Amino acid sequence: MKPLYILTALALLYSGQTILAQSPKAKQLVGQMTLEQKVELVVGMGMRLPGPTAASDKKDTAKHATPGFQLPPSLPQDASIPEKVPGAAGRTHAIPSLGLPSLTLSDGPAGVRINPILPDHPNQTYYATAWPVGTLLASSWDTSLVQSVGKAFGREIQQYGIDVILGPAMNIQRNPLGGRNFEYYSEDPLVSGHIAAAMVRGVQQNGVGTSIKHFVANNQETNRNSVNTIVSERALREIYLKGFEIAVKEAQPWTVMSSYNLINGTYTSESHDLLTDILRNEWGFKGLVMTDWFGGKDAVAQMKAGNDLLMPGTILQYNAILTAVKNGTLSEDVINRNAARVVDLIFESPTYKKIPYTDKPDLKANAQISRKAATEGMVLLQNNNNALPLTIKNNKQIALFGNTSYDIIAGGTGSGDVNKAYTISLDKGLLNAGYSIDKNLIEAYTTYIAEEKAKQPKPRFFFELVPRVKEMNLEEPLLQTEAQNAAAAIITIGRNAGEGADRKVENDFTLSTEEKSMIQKVCEAFHAQNKKVIVVLNIGGVIETDSWRSWPDAILLAWQPGLEAGNAIADVVSGKVNPSGKLAVTFPIRYEDEPSAKNFPGKELEPNEHKGFSLFGVPAEVIYEEGIYVGYRYFTTFHVNTAYPFGYGLSYTQFNMKPLQLSANVMKQNIVVKVTVTNTGKVAGKEVVQLYVSAPHSKIGKPAEELKAFAKTPLLQPGQSTTISFALTPADLASFVTDQAAWIADAGNYTIKVGNSSANILQTATFQLPQQVITEKVKNLMVPQQPIHELQPAD
Ligand code: BGC
């Protein structure tokens, strides 16, 4: 379901190519290959760990690997072949005799991740734009904005000589503690799917590929390589697969990356149900599937499942596949099919087409696009008495508190991190915007942070997160002086996380004692002087806000906004940009209120001796007992209060949404919903129209409401209106009925609810679906091997 005007715009804009599945040309070329060449094609060239190794370095990889961590070897000849793009995550084998070059695949969702400095190129750097993280982009609810980011990002990918970017990442944010939530978009599949599709279209417009990941239900980092996700087929299809389905059907990504985890007993990369029956046969995917790095266990099963390319590729996989074909346990037809898909990807690639690249993307222009996008996804959570925008008279200063103000976080860690040339801190951003900042505080904080960082232990492995520097104790005399001299206070609270570990409740989801005491003391001192306090949240995932949110005057959720962080925050603080972001994920009151809290991250089935990074982890399982009741589907159905609901976000202006009109009150082919949005306030702004639907009572249980469409208005001047149209079809109303293996829209009365958050519905209207409609009949697939006692709403 899409807004009509977006549909038209998409048709005009979309010029991205799609890949032909096993084209005759590819099949013919595969027909000329030896078995060994075909197997080389379906197994990547191995990898070097990020860190000390570099392009020109032809030394033994093992010498440079992280201590205690051994990489499985690649084919013997591969290590000596220089990389085209040093620091890229992986490459495919070339077959020069057949004119097939090696492809370069690089991380990741928030920007090109390559080595920025190469010893043998002393006069050049290879820094990349750190775009705002996925969660922020989704909070813009603006598909054309995301497509424009994708377009600039794709150009940068192309300019660095890369063929496929390993993103966007689009797993559902099932639980606030998910370590990689920052890379992902939303708790809702519709938002995730449309935002991902926009990103894919934008990137692929440049003739380079994407890899939507991690397919699928990779919703935690704890034991990510070994966890068996036990989930019902309905929840899988309606929540976890849905976003991928939207992205595949809308934007045809060149590739899909299977995930590490198992689902209902089978590794995703070994699941024929997932990679062939669902992805290709049901959805019509025409591209290539690659594994996540070292994902899955059985190379032969992966080949059979339709996992065309094993990345980064090891000699063990190569040998296993070759042996299986030779001894007849793996049909050569399977390898022909998978190899042809790799060849088709190669044919499509810029490397094959010899598209020139400069290694000099326009980083300045991209930084401005990144900054603009960052401002569009920031969410104004609170703004008592119009504390923001902050106008400061008589050249007075802002007192800037919190370590993160001076040490801002552009994005998360792990493969979603980006080697950027700089990150603008908040003090710099505010200064650039013309504010004055108290110099004593700058001095005190920068000295303190430097001293504390010097004491920190070095990370023991690539993914290990350096502990956060504790907030310093703010002494009363200092606070009194600041409150007397400064015009207002801004406090930044920061959080980081990333690949390899999930977050914790204590001191991560919740604020630390020092953080709370800082907010409390600053608020007391400044409020005593009748001065405002603003809290900026520089976080990648959801935190607890309920216990302290009534203290400050305003709270701006800045997420992790990329390399222009401080400038982008200052744009919103100053009112240069009116915030229009909305939450794409619920902020609960307490962690325990989350429907998945008692089933996250599941349980280990054997004791875990190895607490560091490990390739395989210990056998573990997690049961998705909340079923489809993820995020707002749970909070609205089970009447659980939230701190900030899904879809929520304030503006410096106000809007109304009326009238709401339906094209009919009985649905035949479709119903067109029209709503007019008017800016009733005093400054220009944008609003997000959210269309939820409440379905009639059904024997399978339905959420109280589900998002079925959304659109962001253009910038509306005070008094200006715009009318937005959405077309709904029976397929948009359908739920998955497992015992009929079908998507079914029940007959009955439906309520359309239009508003600017899941909890702030401004208009409603009803229509009837006279008869049940089976919108799609499929096969039961990925069926759980055990009954799941799923949460059900009371009748
Ligand atoms: C991550 C992927 C990433 C790959 C290559 C894996 O560890 O899960 O998201 O694309 O590494 O760096």
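Residues numbered from 1 in each chain as written. Predicted model: local features only at pLDDT ≥ 70, side-chain atom pairs only at ≥ 80, totals over all residues. Heavy atoms only, no water.

Peer 1: Give me the sheet that holds strand β29 (residues 773-777): which residues, what numbers.
Peer 2: Read across the open sheet, the three strands follow the order β25-β26-β29; overall the sheet is antiparallel. The sheet is open, and its two borders are formed by β25 (735-737) and β29, each paired with just one other strand. Averaged over all neighbouring strand pairs, the angle between strand axes comes to 35 degrees, with direction disregarded. Bridging between strand β26 (residues 742-745) and β29 involves four bridges; their strand directions are antiparallel. Of the residues in β29, the one forming a bridge with A745 is V773. Here helix α8 (residues 233-240) sits on the sheet and contacts β25 and β26; the angle it forms with β25, its principal contact strand, is near 160 degrees. (Pairing = 2+ DSSP bridges. Helix = DSSP H or I, 4+ residues; strand = E, 2+ residues; numbered from the N terminus. Axes fitted to C-alpha atoms, helices over the stretch in contact; angles between N-to-C directions. Contact = heavy atoms within 4.5 Å.)

Peer 1: Can you explain helix α12 (residues 315-326)? Please cite residues and give values.
Peer 2: Helix length check: α12 (twelve residues) gives 16 Å between terminal C-alpha atoms against 16 Å at 1.5 Å per residue, within 8%. What α12 keeps buried is the set Q317, Y318, I321, L322, A324 and V325. The buried residues of α12 all sit within an arc of 165 degrees when viewed along its axis, so they share a single face. The exposed set on the far side of α12, more than 90 degrees from its buried face, consists of L316 and K326. Looking at the packing, one finds that the buried side of α12 touches α3 (35-42), α11 (299-305) and α13 (332-348). (Expected span 1.5 Å × (residues − 1). Buried < 20%, exposed > 50% of the residue type's maximum accessible area, 1.4 Å probe, protein only. Arc of directions from axis to C-beta.)

Peer 1: Explain the pairing of strand β5 (residues 227-230) to me, and be specific about the residues and the numbers.
Peer 2: With burial as the criterion, each face of β5 is covered, one bearing V227 and T229 and the other bearing N228 and I230. Relative to strand β18 (residues 620-623), β5 runs parallel, the two sharing four bridges. Note that in β18 the partner of I230 across the bridge is I623. As paired elements, β5 and strand β7 (residues 262-263) share two bridges and run parallel to each other. The partner of T229 across the bridge, within β7, is I263.

Peer 1: Give me the lowdown on the UniProt feature "domain: Fibronectin type III-like" (unreviewed entry) in the protein, citing residues and values where you can.
Peer 2: Within the UniProt annotation, "domain: Fibronectin type III-like" (unreviewed entry) is assigned to residues 687-758. For the annotated span residues 687-758, helix accounts for 6% and strand for 54% of the residues, and the straight-line distance between the end C-alpha atoms is 14 Å. (UniProt positions renumbered as here; feature names shortened; annotations may be inferred.)

Peer 1: Could you give an account of the nonpolar core, naming the residues involved and the relevant values?
Peer 2: One finds F401 and F587 to be the most contacted residues of the largest nonpolar core, which totals 159 residues. When residues in this core are grouped by element, the largest group, nine residues, is from helix α7 (residues 189-204). With 46 residues, the next largest nonpolar core counts V39, M290, V300 and L310 among its residues. (Core = buried A, V, L, I, M, F, W, Y, C linked by side-chain atoms within 4.5 Å.)

Peer 1: Describe helix α14 (residues 363-377), naming the residues involved and giving the relevant values.
Peer 2: Look at α14: 21 Å from first C-alpha to last across 15 residues, which is about the 21 Å you get at 1.5 Å a residue. Inspection of α14 places N366, A367, S370, R371, A373, A374, T375, E376 and G377 among the buried residues, and these make up the whole buried set. For α14, the elements touching its buried residues are α5 (134-139), α6 (143-159), β10 (379-383), α21 (565-574) and β23 (706-712).

Peer 1: Tell me about the packing of α6 against α7, residues and numbers included.
Peer 2: Contact geometry of α6 with α7 gives a least axis separation of 6 Å together with a crossing angle of 35 degrees. The hand of the α6/α7 crossing is right-handed. In this structure, α6 uses T143, V146, Q147, V149, G150, K151, F153, G154 and I157 to contact α7, whose residues at the interface are H194, I195, A198, M199, R201, G202 and V203. Grouping the amino acids of the contact of α6 with α7 by side-chain chemistry returns eight nonpolar, six polar and two charged. (Left-handed = near helix turned anticlockwise from the far one by under 90°. Nonpolar A, V, L, I, M, F, W, Y, C, P; charged D, E, K, R; others polar.)

Peer 1: Residues and numbers for the environment of I628, please.
Peer 2: With respect to the secondary-structure elements, I628 resides in the loop between β18 and α22 (632-637). The class of I628 is buried, set by a relative accessible area of 4%. Once the C-alpha coordinates of I628 and S232 are considered, the two residues, 396 residues apart in sequence, prove to be 8.8 Å apart. Aside from chain neighbours lying at most four places away, what touches I628 is R234, A235, E238, I239, R633 and P703.

Peer 1: Now, about the pairing of strand β27 (residues 748-757): what can you tell me, with residues and values included?
Peer 2: With eight of its ten residues buried, β27 lies for the most part within the structure. Two strands pair when backbone bridges link them, and strand β22 (residues 688-694) and β27 are joined in this way by five bridges, in the antiparallel orientation. Counterpart to Q690 in the pairing with β27 is G755. For β27 and strand β28 (residues 760-769), the ladder comprises nine bridges, and the chain directions are antiparallel.

Peer 1: Now, about the site of the ligand: what can you tell me, with residues and values included?
Peer 2: For the ligand, the set of nearby residues contains 13 residues, the closest of which are D107, R180, H214, D292 and E499. Within the side chain of Y260, an N or O atom sits 3.0 Å from an oxygen atom of the ligand. Within the side chain of E499, an N or O atom sits 2.4 Å from an oxygen atom of the ligand. Coverage of the ligand by the protein chains reaches 94% of its 310 Å² of free accessible surface. Looking at the shell around the ligand residue by residue, the classes come out as five nonpolar, two polar and six charged. (Near = heavy atom within 4 Å. Polar contact = N/O pair within 3.5 Å; in protein donor to acceptor, adjacent residues only side chain to side chain. Areas by Shrake-Rupley, 256 points an atom, 1.4 Å probe, with all protein chains shown as cover.)

Peer 1: Any details on unusual backbone geometry? Residues and values, ideally.
Peer 2: Cis geometry marks the peptide bond from D107 to G108; its omega dihedral reads -15 degrees. Note that G108 resides in the loop between β2 (104-106) and α5. In this model, K213 is joined to H214 through a cis peptide bond whose omega is -5 degrees. Tracing the chain through its elements places H214 in strand β4 (residues 209-215). Phi at W141 takes a positive value of approximately 50 degrees, unusual for a residue other than glycine. Looking at the secondary structure, you find W141 in the loop between α5 and α6. The class for W141 is buried, based on a relative accessible area of 1%. Phi angles above zero are rare outside glycine, and A741 is one such case at about 45 degrees. When you line up the elements, A741 lands in the loop between β25 and β26. Given a relative accessible area of 5%, A741 falls into the buried group.

Peer 1: Can you tell me about the environment of G287, naming the residues and giving the values?
Peer 2: Mapping G287 onto the fold places it in the loop between α10 (272-282) and β9 (288-290). Separated by 313 residues in the primary sequence, G287 and F600 place their C-alpha atoms 33 Å from one another. For G287, the contacting residues outside a window of four places in its chain are W254, R280, D308 and R341.

Peer 1: Pulling in residues and values, what's your account of the side chain of Q159?
Peer 2: Take Q159: it is sitting in helix α6. Beyond its immediate sequence surroundings of up to four residues, Q159 is in contact with Y357, T358, D359, K360 and P361.

Peer 1: Requested: an account of the pattern of salt bridges, with residues and values cited.
Peer 2: Following the criterion strictly, the structure yields 41 salt bridges and no others. Here K242 and E245 are joined by a salt bridge, their closest N and O atoms 3.4 Å apart. Residue K242 and its partner E245 are both found in helix α9 (residues 242-251); the two are separated by three residues, about one turn of the helix. K242 sits in the partly exposed class, given a relative accessible area of 24%. Among the residues examined, E245 registers a relative accessible area of 9% and is labelled buried. A salt bridge links D508 to R495; its shortest N-O distance comes to 3.5 Å. Note that D508 is positioned in helix α19 (residues 505-509) and R495 in the loop between β13 (488-494) and α19, a separation of 13 residues in sequence. The pair D508 / R495 is uniform in exposure class, with both members buried. Sharing partners across several salt bridges, the network here consists of R180, E183, E221, R224 and E499. (Salt bridge = Lys/Arg side-chain N within 4 Å of Asp/Glu carboxyl O.)

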